[in-house]
Amino acid sequence: MQSLLKKPQNPKYSQRMSHTLYCRCAYAQVISGPVKNARLEQLCASGEEFEAVPDLCEMAATRDPRLAELARRDDLRIIACHPRAVKGLFTQAGCPLPPTAEIVNMHESPSAS
Amino acid sequence: MPAIASEIATLLDSGNAVTVSADSYRARHTGNTPPAAGASTTATRSWKPWFPVIDYDRCTNCMQCLSFCLFDVYNVDENSLIQVRNQENCKTNCPACSRVCPEVAIMFPKYSGSPINGEPVNASDLSREKMKVNVSSLLGGDIYSTLRNRSDQAKSRFSTERSADKALAERKRCLDKLQRDGFIPAEVLAEIDLTNLPSPEEIQRRAAAASAKAQAALAANAAK
Ligand code: SF4
Ligand code: SF4
């Protein structure tokens, strides 16, 4: 099912520098709700284009072909959990991340503790 | 929470991937079960994505994990390299195999504790590996011979005593011991259906199959 919803134009919209992937970690309480929400709000407010997925672990387990497409990019920024785990997930899915991939660890968000 | 972020969060929590552009967003359902109306996110899923993830920067391909797991989660590829293959066979919330890896190379990203959750491995984590020796000695030094012994004892016990209740009590006792020794997390134990555990013979068969696979892979690697 596809849906297209209108998002208000953000005057702060800036030139996109990277392709951002936000992981919601939807099927576990690994990252607290407030931390995940704060990151999502930040992304929405930035006006930057981004891609949000329910659960990167699930995508790796099912070898979602989107992971391979993402891993081919050299401007990838992933907002998820520990970088060692995220790298391992991509490798295990058969599409290792390029060394240029930046991983933002939501466990290290100021409000994560 | 601003309305847009809240809408996107709701979409994500019900299994949709969302592509957000400057002035719109597009959702695509990705979960393997459609969300039921009004149901919470976790309630809509048939399988929590819980499975081991190997850190190949640390892994030495020693095959301990393959030998240990009785649920066929691990296998080797055509180059005899360890792989996680049958993720869905993994027992949700059980990180037991991460504790047999001598290199601390097995992660469960959804586990709460470090370094199993993927946090960097530090010196004290490595020294805790000595704990694994204890785990192994807990099982008699050799997991397989222990399983075999347990199986032989169980066989003779079951042949003389057919009481299902007694067999169940024995399994509970064994599992309680493993849990007390920190080998199986309490919450995992609570989830195990004790009436539906593999028989001792089945455990032995699985252990032998896993061991044979590991031995073959080790031999292939040694011959390289
Ligand atoms: S990659 Fe990390 S943040 Fe994303 S679903 Fe897996 S455990 Fe959660
Ligand atoms: S036990 Fe650890 S080091 Fe050995 S093969 Fe498995 S993941 Fe690699």
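No experiment lies behind these values; they were computed from the predicted model shown. (Residues numbered from 1 in each chain as written. Chains lettered and ligands numbered in written order. Predicted model: local features only at pLDDT ≥ 70, side-chain atom pairs only at ≥ 80, totals over all residues. Heavy atoms only, no water.)

1. Considering the overall build of chain B
Working step 1: Helix and strand counts for chain B stand at eight helices and six strands.
Working step 2: Along chain B, helices (α) and strands (β) appear in the sequence α-β-β-β-α-β-β-β-α-α-α-α-α-α when read from the amino end.
Working step 3: Out of the 224 residues in chain B, the part that is buried amounts to 43%.
Working step 4: Of the contacts formed within chain B by residues at least 6 apart in sequence, a portion of 53% connects residues at least 24 apart.
Working step 5: Summed over all atoms, the accessible surface of chain B reaches about 11,300 Å², with 53% contributed by carbon and sulfur. (Helix = DSSP H or I, 4+ residues; strand = E, 2+ residues; numbered from the N terminus. Buried < 20%, exposed > 50% of the residue type's maximum accessible area, 1.4 Å probe, protein only. Contact = heavy atoms within 4.5 Å. Areas by Shrake-Rupley, 256 points an atom, 1.4 Å probe, with all protein chains shown as cover.)

2. Quick notes on the interface of chain B and chain A
Working step 1: Of the residues lining the interface, 52 residues belong to chain B; the matching set on chain A comes to 42 residues.
Working step 2: Taken together, the two surfaces of chain B and chain A that pack against each other cover about 4,100 Å², and 59% of this comes from carbon and sulfur.
Working step 3: Interface area lost by chain B to chain A is led by Leu 12, Ala 22 and Lys 110 of chain B, which between them contribute 14%.
Working step 4: Listed by contribution, the elements that provide at least two residues to the side of chain B that touches chain A are helix 1 (3–13), strand 1 (16–20), strand 2 (24–29) and strand 3 (53–54) of chain B.
Working step 5: At seven residues, helix 1 of chain B tops the list of elements feeding residues into the side of chain B that touches chain A.
Working step 6: Its residues assigned to classes, the side of chain B that touches chain A comprises 27 nonpolar, 14 polar and 11 charged. (Buried area = accessible area lost by both parts, 1.4 Å probe. Nonpolar A, V, L, I, M, F, W, Y, C, P; charged D, E, K, R; others polar.)

3. Some details on the site of ligand 1
Working step 1: Around ligand 1, the neighbouring residues are Cys 23, Cys 25, Ile 31, Asp 55, Leu 56, Cys 57, Cys 81 and Leu 89 of chain A together with Pro 109 and Lys 110 of chain B.
Working step 2: What surrounds ligand 1 is not a single chain but chains A and B.
Working step 3: The class makeup of the residues in the shell around ligand 1 is eight nonpolar, no polar and two charged. (Near = heavy atom within 4 Å.)

These results come straight from atomic positions and should not be treated as a statement about function.
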